[in-house]
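Single-letter residue listing:
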Amino acid sequence: AVPRTRILATGGASHNKKILQVLSDVFNAPVYTIDTTNSACLGSAYRAIHGLVAEMNVSLADVVKLAPEPRLAVTPAAGAEEV
C-alpha cells in the first residue's frame, strides 16, 4: 500500500486556516503544522545535529524523531478530490 500524503506547513501562512484549507483541498491531503518559531531554519538545525553525531552512527531519521510532533490543522473538504 502506498503511504498517504500529508503536508507539513510552516511559517507565517501556517497560521491562516483558510490558506491551509486550500492546500488540503488542492492536494487532497491533511495539513499539519508545528508550533515553532524560525521554522525556515529547522531543517538546517536538524542536519547540523546529524553532522555532530555522525561518528556515532546516528541516522538523520533518529535525529528528526526529536522534532515536535506535528499537529493536524485541517483535512480535505468533502468532495475535494472531485474538484
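These figures come from a predicted structure and were not determined experimentally. (Residues numbered from 1 in each chain as written. Predicted model: local features only at pLDDT ≥ 70, side-chain atom pairs only at ≥ 80, totals over all residues. Heavy atoms only, no water.)

**Student:** How would you explain the overall build of the protein if you had to name every residue and give the values?
**Tutor:** When its secondary structure is counted, the protein shows 3 helices and 3 strands. The N-to-C order of helical and strand elements in the protein reads β-α-β-α-α-β. Its C-alpha radius of gyration of 16 Å places the protein more than 25% over the 12 Å reference for a compact globule of 83 residues. Overall, the protein is about 50 × 35 × 15 Å in size when its C-alpha atoms are taken along their principal axes. In the protein, buried positions account for 25% of the 83 residues. Of the contacts formed within the protein by residues at least 6 apart in sequence, a portion of 63% connects residues at least 24 apart. Of the roughly 6,100 Å² of accessible surface on the protein, 59% is carried by carbon and sulfur atoms. Taking the average place of the 7 positive charges on the side chains of the protein and the average place of its 7 negative ones, the gap between the two points comes to 4 Å. (Helix = DSSP H or I, 4+ residues; strand = E, 2+ residues; numbered from the N terminus. Rg over C-alpha atoms; globule rule 2.2 N^0.38 Å. Buried < 20%, exposed > 50% of the residue type's maximum accessible area, 1.4 Å probe, protein only. Contact = heavy atoms within 4.5 Å. Areas by Shrake-Rupley, 256 points an atom, 1.4 Å probe, with all protein chains shown as cover. Lys, Arg positive; Asp, Glu negative; His and termini not counted. Charge placed at Lys NZ, Arg CZ, Asp CG, Glu CD.)

**Student:** Mind laying out the sheet that holds strand β2 (residues 31-33), listing which residues take part and the relevant values?
**Tutor:** Within the open sheet, the 3 strands sit side by side as β1-β2-β3. Their pairing is mixed. Unpaired on one side and paired on the other, β1 (7-9) and β3 (71-74) mark the two borders of the sheet. Taking the axes of each pair of neighbouring strands and ignoring which way they run, one obtains an average angle of 45° across the sheet. (Pairing = 2+ DSSP bridges. Axes fitted to C-alpha atoms, helices over the stretch in contact; angles between N-to-C directions.)

**Student:** Explain the side chain of T33 residue by residue, including any values.
**Tutor:** Here T33 shows up in strand β2. Those residues within four positions of T33 in sequence are excluded, and the remaining contacts are L8, A9, S14, L20, P70, R71 and A73.

**Student:** Give a description of the packing of aromatic side chains that names residues and reports values.
**Tutor:** Summed over all chains, the structure comprises 0 aromatic pairs. The cationic tip of R6 hangs over the ring face of Y32; the distance from NZ or CZ to the ring centre is 4.6 Å. (Phe/Tyr/Trp six-rings, centres within 6.5 Å; stacked < 30°, edge-to-face > 60°. Lys NZ or Arg CZ within 6 Å of the ring centre and 35° of its normal.)

**Student:** Talk me through helix α1 (residues 17-27); I want residue IDs and the actual numbers.
**Tutor:** Put simply, N16 is the residue that caps the front of α1, since its side-chain oxygen is 2.9 Å from the backbone nitrogen of K18. A positive backbone phi angle near 50° is found at N28, which sits one or two residues after α1. (Polar contact = N/O pair within 3.5 Å; in protein donor to acceptor, adjacent residues only side chain to side chain.)

**Student:** Pulling in residues and values, what's your account of the pattern of salt bridges?
**Tutor:** What the rule picks out here adds up to 1 salt bridge. Among the salt bridges present, the one from D62 reaches K65, with a minimum N-O distance of 3.3 Å. For D62, a relative accessible area of 38% corresponds to the partly exposed category. (Salt bridge = Lys/Arg side-chain N within 4 Å of Asp/Glu carboxyl O.)

Spatial relationships are all this shows, so hold off on functional conclusions.
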